[in-house]
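Chain residues, written in single-letter form:
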Amino acid sequence: MGLFGRDTYGAKTKIFAGGSETVLAHVGQARRRRKILGIGALVLVVVAGVATFAILRVMKAGAAERVVTGYSSLTRCLVGDAPAAGEKPSARLRARQLTALTRNQTERAPGKDPWPDRCTKPAYELTEALRSSSLSDNKDLVEATTALADLLSKKEAFFLDLSEPVDRFFAAAQKASLALVARPDVPEPPAPATALSLDTLAAQATPLAKKPQDLAKLAVELGGGAAVRVLFEGDEDESPQLCSIGRSSAKCEPLPGGIGKAGGLELRGTSDDDAPSLVFVASGKQGAWRGGSKIEAKRAIAGYSSSAGPGVVLALDEATAKLELVIGPGDKPKRIGVATPDKLTVAEAARNAVMLWNDVVLAATSKEGDLVLLGMRLAADGALGKTAEIGALGKDARVDPRATPPPRFGAACRSGEALAVRVDVGAESWLATRDAERWSAPYKMGRSGGTMTCSGADAVVTRVDAGSEGVDSTAVTQTKCGGGACKASTIKVKELLADEAGLAPAPQIVAATVGSKVAVAWLAGQRGGVRLRVESVGALAQAPETILYDDLVQGGQVVATSTVSDLRLLPGDGFGVLLVSTKGGVFALRVTSDGKTAPIKL
């Protein structure tokens, strides 16, 4: 028996009882309290777990959103639109990098928000978002993003080869199925350069030679004219070809089989615009060919191919050391001796004698060592006029037998008004011109070398002078001569590039007169492609720059080594021909005075 009541939890309990019954009642009450407290704690844990799950879910959702935003921002910043299926992201980036490389260091200064530097921020934001998202365990994606962000943060990022890290990043992002959303607030990358590559050039142009060539050794016809004529000697797999490139036409023809394997093929003559070229065989030791006919000569050193008559070869009889003209072809060609005054000698006829259309010009040496120019004209009836002294070059052009190289006729050209010839003596050159009546006395024109064109009564020489201090002292010079005087205009390559050393010529720069302007082309640094400017010398530094050819793209992807091995720029009559030697052969592009270019297709 006892007195019962209700505790604070509503349980029935005895208020008072005697003996053991009272103890048992207290124990039961304690058990009930612990059970109720345990249930309460469990409820709290469940509630807290649900709340934590919800918070984590929200956090993961926020990180996922930042991943999409970061990926979309970085994609737009680097390459614009998402790369198409099968397109290498690095190839798209490379086209934009070529454009960015045109910006000089001043334009890339802090505060200018240059590309691709500005892509560093979205790259790092994406990295952090990935580490906070469910993709944090995607090692390839996180590492690729981090590596790309680190490269973009470098000040030289615009110049680095980013191909591998960019392709790796986009491959990892595609594998992770990252989504893209529009990010119009992110500035787009520079517009892609529309440069040719080996792939597109091969599709638009015909290779003049199927293998790379040393373009400095190519045989180019002296004098030029309406067409630039170039001889490709070929090898065991390719026949020799003579190519003629005009202002609006071009053709290449294989040489006759009789001279295809002879070797030592050269173009030492001059030709009328509509006459075949003279091809000298075995460096002239086996005569010369005009079309399919051979002109026999013991040692052919120069010549003229007329549109109105037969070919004429200036030859040397090495047994007698006498010069003669051989007019042919035919079994019995006409031979005319070329006389020189007794007081003068032609020391090395192969270098010191030339035939400029129907004018024979000799560089003879007096007993005192003075260099004197002699001239004679071949009449239409085959008669050779008397030898006339054009004039001495001057005391500073005296011939030293030990000098290297000896005097030579370096270039020639003609227009409707005049004919001009340049004589190189060591590092200096002299010019002599002829109008319809007579030759002018030769006069000094400056340093030797370069290409020459004629405009009216004037001669224009354009050359690249390599400085002893590399790019900083290398210069492009155009020298205009007329009326017995010359005027030179020069621009240093350093000025041309606006101090952007990364675009300095590697390995060379080529120049030639095109119309009234000068064209300059070069392979720019290690990653700048082949570039071109056409303008007067004084305005070249401000002239627009054309990115002609991307030498680091082949097969639709970026390659590690350049596809270009050599460049050469040849002047024509109001236009130029840029030869580009590539891994796929030698291609030609026509260059006009307005700076436009076009690949040449035969």
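This is a predicted model, so every value here is computed, not measured. (Residues numbered from 1 in each chain as written. Predicted model: local features only at pLDDT ≥ 70, side-chain atom pairs only at ≥ 80, totals over all residues. Heavy atoms only, no water.)

### Some details on the sheet that holds strand 24 (residues 451-455)
Link 1 in the chain: With respect to topology, four strands assemble into an open sheet ordered 24-25-26-27, the strand pairing being antiparallel. Each edge of the open sheet is held by one strand with a lone partner, namely strand 24 and strand 27 (485-492). Pairs of neighbouring strands in the sheet enclose a mean axial angle of 20°, with direction left out of account.
Link 2 in the chain: When strand 25 (residues 458-467) meets strand 26 (residues 470-482), the two strands line up antiparallel, connected through eight bridges. Counterpart to Val461 in the pairing with strand 26 is Thr479. (Pairing = 2+ DSSP bridges. Helix = DSSP H or I, 4+ residues; strand = E, 2+ residues; numbered from the N terminus. Axes fitted to C-alpha atoms, helices over the stretch in contact; angles between N-to-C directions.)

### Side note on helix 2 (residues 89-100)
Link 1 in the chain: Here helix 2 contains 12 residues, and its C-alpha end-to-end distance of 17 Å stays within 8% of the 16 Å for a straight helix at 1.5 Å per residue.
Link 2 in the chain: A large share of helix 2 lies buried, amounting to 11 of its 12 residues.
Link 3 in the chain: Listed in full, the buried residues belonging to helix 2 are Pro89, Ser90, Ala91, Arg92, Leu93, Arg94, Ala95, Arg96, Gln97, Leu98 and Ala100. (Expected span 1.5 Å × (residues − 1). Buried < 20%, exposed > 50% of the residue type's maximum accessible area, 1.4 Å probe, protein only.)

### Section: the pattern of salt bridges
Link 1 in the chain: All told, the structure shown has 22 salt bridges when counted by the stated rule.
Link 2 in the chain: Residue Arg131 pairs with Glu128 through a salt bridge whose shortest N-O separation is 3.5 Å. Taken as a pair, Arg131 and Glu128 lie in helix 3 (residues 120-132) at a separation of three residues, close to a single helical turn.
Link 3 in the chain: Take Glu128: its relative accessible area is 47%, and that puts it in the partly exposed class.
Link 4 in the chain: Several salt bridges share partner residues, and in doing so they unite Asp359, Arg377 and Arg434 into one network. (Salt bridge = Lys/Arg side-chain N within 4 Å of Asp/Glu carboxyl O.)

### A word on the packing of helix 2 against helix 5 (residues 163-175)
A pair of packed helices can be characterised by two numbers: the angle between their axes and the separation between those axes.
Link 1 in the chain: Relative to each other, helix 2 and helix 5 sit at 135°, their axes nearing to 8 Å. In terms of orientation, helix 2 and helix 5 fall into the oblique class. Along this stretch, helix 2 crosses helix 5, giving a crossing that reads as right-handed. Across the interface between the two elements, Pro89, Ser90 and Leu93 of helix 2 pack against Ser163, Val166, Asp167 and Phe170 of helix 5.
Link 2 in the chain: Taken together, the residues of the contact of helix 2 with helix 5 sort by class into four nonpolar, two polar and one charged. (Parallel < 35°, antiparallel > 145°, perpendicular 65-115°, else oblique. Left-handed = near helix turned anticlockwise from the far one by under 90°. Contact = heavy atoms within 4.5 Å. Nonpolar A, V, L, I, M, F, W, Y, C, P; charged D, E, K, R; others polar.)

### Examining the side chain of Thr433
Link 1 in the chain: Along the chain, Thr433 falls in strand 22 (residues 428-434).
Link 2 in the chain: For Thr433, a relative accessible area of 17% translates into the label buried.

### Brief notes about the nonpolar core
Link 1 in the chain: Leu314, Leu323, Leu325 and Leu356 are the most contacted members of the largest nonpolar core, which totals 41 residues.
Link 2 in the chain: Not counting residues within four places of it along the chain, the set of residues in contact with Leu314 comprises Arg299, Ala300, Ile301, Ala302, Gly303, Leu323, Glu324, Leu325, Val338, Ala353, Val354 and Val360.
Link 3 in the chain: Listed in part, the 29 residues of the second largest apolar core include Leu74, Trp115, Cys119 and Leu126. (Core = buried A, V, L, I, M, F, W, Y, C linked by side-chain atoms within 4.5 Å.)

### Describing the confidence of the model for the chain
Link 1 in the chain: Summing up the model confidence of the chain, the mean pLDDT is 84 and the portion of residues at 70 or higher is 84%.
Link 2 in the chain: Scored below 50 in pLDDT, residues 1-28 shows 27 contacts in the model against residues more than four places distant or in partner chains.
Link 3 in the chain: pLDDT under 50 marks residues 39-59. Its contacts with residues more than four places away, or in other chains, come to zero contacts. (pLDDT = per-residue confidence, 0-100.)

### Regarding the state of the cysteines
Link 1 in the chain: One pass over the structure, following the stated rule, counts four disulfides.
Link 2 in the chain: Bridging Cys413 to Cys454, the disulfide has an S-S length of 2.0 Å. One disulfide, between Cys413 and Cys454, carries an S-S torsion of 70° and so falls in the right-handed class. With a gap of 41 residues between them, Cys413 in strand 20 (residues 408-414) and Cys454 in strand 24 connect regions that are remote in the sequence.
Link 3 in the chain: Among the residues examined, Cys413 registers a relative accessible area of 2% and is labelled buried.
Link 4 in the chain: For Cys454, a relative accessible area of 17% puts it in the buried group.
Link 5 in the chain: Here the cysteine-cysteine linkages of the chain are recorded as 1-2, 3-4, 5-6, 7-8, numbering only bonded cysteines and doing so in sequence order. (Disulfide = S-S within 2.5 Å.)

### Thoughts on the packing of helix 3 against helix 4 (residues 139-152)
Link 1 in the chain: Closest axis-to-axis distance for the helix 3/helix 4 pair is 9 Å, and the angle between their directions is 155°. In terms of orientation, helix 3 lies roughly antiparallel with respect to helix 4. The interaxial crossing formed by helix 3 with helix 4 has left-handed handedness. For the pair helix 3 and helix 4, contact is made by Thr120, Ala123, Tyr124, Leu126, Thr127, Leu130 and Arg131 and by Leu141, Val142, Thr145, Thr146, Ala149, Asp150 and Leu152, respectively.
Link 2 in the chain: Split by residue class, the contact of helix 3 with helix 4 holds eight nonpolar, four polar and two charged.

### Comments concerning the packing of aromatic side chains
Here the distance between the centres and the angle between the planes together describe a pair of aromatic rings.
Link 1 in the chain: Counted by the stated rule, this structure contains four aromatic pairs.
Link 2 in the chain: Seen in terms of ring centroids, Phe169 and Phe170 are 5.0 Å apart; in terms of plane orientation they differ by 70°. Their pairing is edge-to-face. As far as the burial class goes, Phe169 and Phe170 line up, both buried.
Link 3 in the chain: By the ring-pair criterion, three or more aromatic residues cluster together here, those being Tyr71, Phe169 and Phe170. (Phe/Tyr/Trp six-rings, centres within 6.5 Å; stacked < 30°, edge-to-face > 60°.)

### Overview of the sheet that holds strand 5 (residues 241-246)
Link 1 in the chain: In spatial order, the strands read 3-4-5-6; together these four strands make up an open sheet with antiparallel pairing. Of all the strands in the sheet, just strand 3 (219-220) and strand 6 (250-254) have a single pairing partner and so form its edges.
Link 2 in the chain: Here strand 5 runs beside strand 6; their pairing, made up of five bridges, is antiparallel. Directly across from Ile245, in strand 6, lies its bridge partner Ala250.

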